[in-house]
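So the chains spell out like this:
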Amino acid sequence: MEYLKNFLTLEEYEQFVSQLTDEDVSLFLTHEENVLLVLKYFKSLELNLFDLLLYKYPIVFDRLDSIKEKIENHPNIIPLLKEDVSNFDLIGL
Amino acid sequence: MNKLEEVLRYHIEYLYKKLNAFRLIEDETKLKEMKKETRVFTELLDDLEKNIENISYLDIDSVLSKLYSSQKLDKVLEELRLVKIVLEAKNQKHFPIDLSEEQNIFLQDLLFRIHDQERQHLEQIPFISQEIEKKKEEKEAIEDKIINLSIILEKILDPDNLEFLTQEEFVDFYDCILNKEIPYEKRKEALISWKNYNDKRSLLDKKVIERIDMASIRECFREYGLLDSVEKYLQKYEKEILYHGDISNIRGILSYLQEEDLVHHKPNLLSSFTPLNLLTMCIYGTVSSVKERYEQLSENKDLLDIYFSTPSVWIRNISGRRKHTSGIKRETHPDKSSFTLMTMAHLISFEEMFQNEKLLQELGFSVSLKEGKGIAAIKMPTYRLHENIDILTKYDILNLDNTENFPVSTLSFSDLVTKCDWAIEVGWLNPLEKQFGNYIQNYPSKLQVKIDFFAVLYKLKNEMPADEYYRTVFSENGKLNKAFYQNGYLQVSQGKSFADFLGNTFVDFAHCSYLPNYSSFEQIIVQNFQLDYDLSIFNDSLIKKLETYHHVNDHDFQYVFGNVAVSRFKVLRIYSILKKQENIDLEEALLFAITYNSLLSEQSLQVILGQLGMKKGEVTYGIS
């Protein structure tokens, strides 16, 4: 999961990783390419990636186009996501 | 498909249909409604029996439909309105007026109807509760049967499996033979296949495994141009690879994946997998498991991207074997060598993924293997998915009539029941708090809040008046106060480490004189996990007292001790488990159930002990 260090500080990485189960880690390892694409996209939207991983990490295993579709169907959601990533809850992600 | 496989699949499908026919959520909702109505009736009777004229200030309109037929309702409403006018004129404006004889008769009749309805409810509730318990037991039995039969199915489909079918498994299989919906001939042939299966097993030679060294492994991957990409994983998982690896198997898999077969439209698949996924398949898969899966998916034109990022799909995995060993927080760091390829190899079986997708789609969730939506939820062990759905429904966070827009990611959270209990205890799941008490229902992802932040919430909630607490934590618009969220822990802990903050602020129940058996109780809870409480627990005298003095009306979530809120579900659940054990001090068990997993200061603990009538400093118990 070292690739996550490209998006988090060391402290954030350690904190995030400490709360994961073995199954979670398996997903991060087997879906690395997808996770990288999704995190790069969220970074381009200037979302808080640490909070995103803490509260909404299951999203990063979804296909990027399905995530984009949800966001594009809710045009006003991006500022809300920047404010608090839990606002993904409002669009069913 | 041989008859044994066919009969097993048919019966599993049949059991799923039976399972889907249970409507436990609806029954439980009905029971909940009845209990709520009963409480309303009891309160009304309380007021009206003191003085029938109290009707003038009671809001009774909502229960009238339970007491009168729809044809009479308008007339009754009008009569009631007139009664209230007369009483207002008499008692507030002091006019010389009184209720007529007809009006008095009307009120007596109303009182009688409320009594009667209350009596009927009180008679029905235990009966309905028993029915629900019975259905739950039946449902669990069916779920166990499905798991056991799925295990047998996977076993017989795996040509590399050398194990015999056991007598125990035959008992489960015999259910299929008794299923008269399956044609007699098929059942007969399935029985014969069962015997033949074991006869064949006894003739198979034991597999000879060629043990390896890392140089051979490296050479193997180099032959296929993969060494550079897998090298770091070969180093990281060396011990595991040396123990489980089989060079001819690895070479066989790589060769098959690389081979292009124009006739069957099979391209070179090596680059379709990441190096780590490929390595996992090579160590734990077989040539036949990889080949059969590819042919199956290709034939069904079902080669979805998701399968190439799921190595366990290409490995024969037994569904349902993972019980409460998974979903547990890691003891070790994932970047260290103690994390294994085996976990990835057995993450989820192909069949289980389909079952999960089907289950979730039938419930209306927005998930899809094809579109890559809700993948984390689809890849969960089925039993945990069911559990999490049950938990979220029970805690009123998920409404099964409205799942389409529910954030599916919530279904994947681990340790959900503890997080829901915390949410209740810090007032984030509190129907009595109108403005902020539904925070978790609006933002289920906030169940993932870090433990240190929850600790801050516990501290403040138990120290501040409710208004001040909510104003501190939330902004006016009902969202989390950003400044508080970012700086709250730092301010409240005064810069201490989390361990110090915990130690200085909250009671360490594991070493508390009131709970000398804490460790053994905890072990019992962990070994006997159950999600729900036994309804018979309400007959327990200690629970009856909690229900009478500490259960807040119309709010099933909490027991309240002074200003301390405790998750009622947690208490009932844990006490139910402990009560089944022999030689348990029930009063200590109750205190354990109340305090387990809660962060309570000494002061809060003393409030609880005081309200329970337990003396400070002595192992003396007595519930007031």
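## Re the pattern of salt bridges
All names here are of chain B. Going through the model one piece at a time under the given rule, you end up with 39 salt bridges over all chains. Glu 123 is paired through a salt bridge with Arg 119; the nearest N and O atoms lie 2.9 Å apart. Remark: Arg 119 and Glu 123 occur in helix α5 (residues 101–157); sequence separation between them is four residues, near one turn of the helix. When the shortest N-O distance is used, the salt bridge between Lys 579 and Asp 540 registers 2.7 Å. Taken together, the residues Lys 579 in helix α27 (residues 568–579) and Asp 540 in the loop between α25 (518–527) and α26 (541–549) connect sequence positions 39 residues apart. For Lys 579, a relative accessible area of 36% translates into the label partly exposed. Classification of Asp 540 by relative accessible area gives buried; the value is 4%.

## With respect to a negative patch on the surface
Side chains of Glu 131, Glu 137, Glu 138, Glu 140 and Asp 144 of chain B sit close together on the surface and give a patch of like negative charge. You can see Glu 137 of chain B is positioned in helix α5.

## Comments concerning the interface of chain B and chain A
Tallying the contact residues gives 51 residues for chain B and 43 residues for chain A. Where chain B abuts chain A, roughly 3800 Å² becomes buried across the two surfaces, and 52% of that area is made up of carbon and sulfur atoms. At the boundary of chain B with chain A, the tally comes to two salt bridges. As a salt-bridge pair, Lys 479 of chain B and Glu 83 of chain A come within 3.9 Å of each other at their nearest N and O atoms. At the level of elements, α12 (275–284), α14 (305–308), α15 (341–345), α17 (375–378), α20 (439–442) and α23 (482–493) of chain B are the ones that each hand at least two residues to the side of chain B that touches chain A. Classifying every residue of the side of chain B that touches chain A gives 21 nonpolar, 17 polar and 13 charged.

The rules we used
- Residues numbered from 1 in each chain as written.
- Chains lettered and ligands numbered in written order.
- Predicted model: local features only at pLDDT ≥ 70, side-chain atom pairs only at ≥ 80, totals over all residues.
- Heavy atoms only, no water.
- Salt bridge = Lys/Arg side-chain N within 4 Å of Asp/Glu carboxyl O.
- Helix = DSSP H or I, 4+ residues; strand = E, 2+ residues; numbered from the N terminus.
- Buried < 20%, exposed > 50% of the residue type's maximum accessible area, 1.4 Å probe, protein only.
- Patch = residues over 30% accessible without salt bridge, like charges linked within 9 Å, V, L, I, M, F, W, Y side chains within 5 Å.
- Areas by Shrake-Rupley, 256 points an atom, 1.4 Å probe, with all protein chains shown as cover.
- Lys, Arg positive; Asp, Glu negative; His and termini not counted.
- Charge placed at Lys NZ, Arg CZ, Asp CG, Glu CD.
- Contact = heavy atoms within 4.5 Å.
- Buried area = accessible area lost by both parts, 1.4 Å probe.
- Nonpolar A, V, L, I, M, F, W, Y, C, P; charged D, E, K, R; others polar.

None of the figures reported here should be taken as evidence of function without further support.
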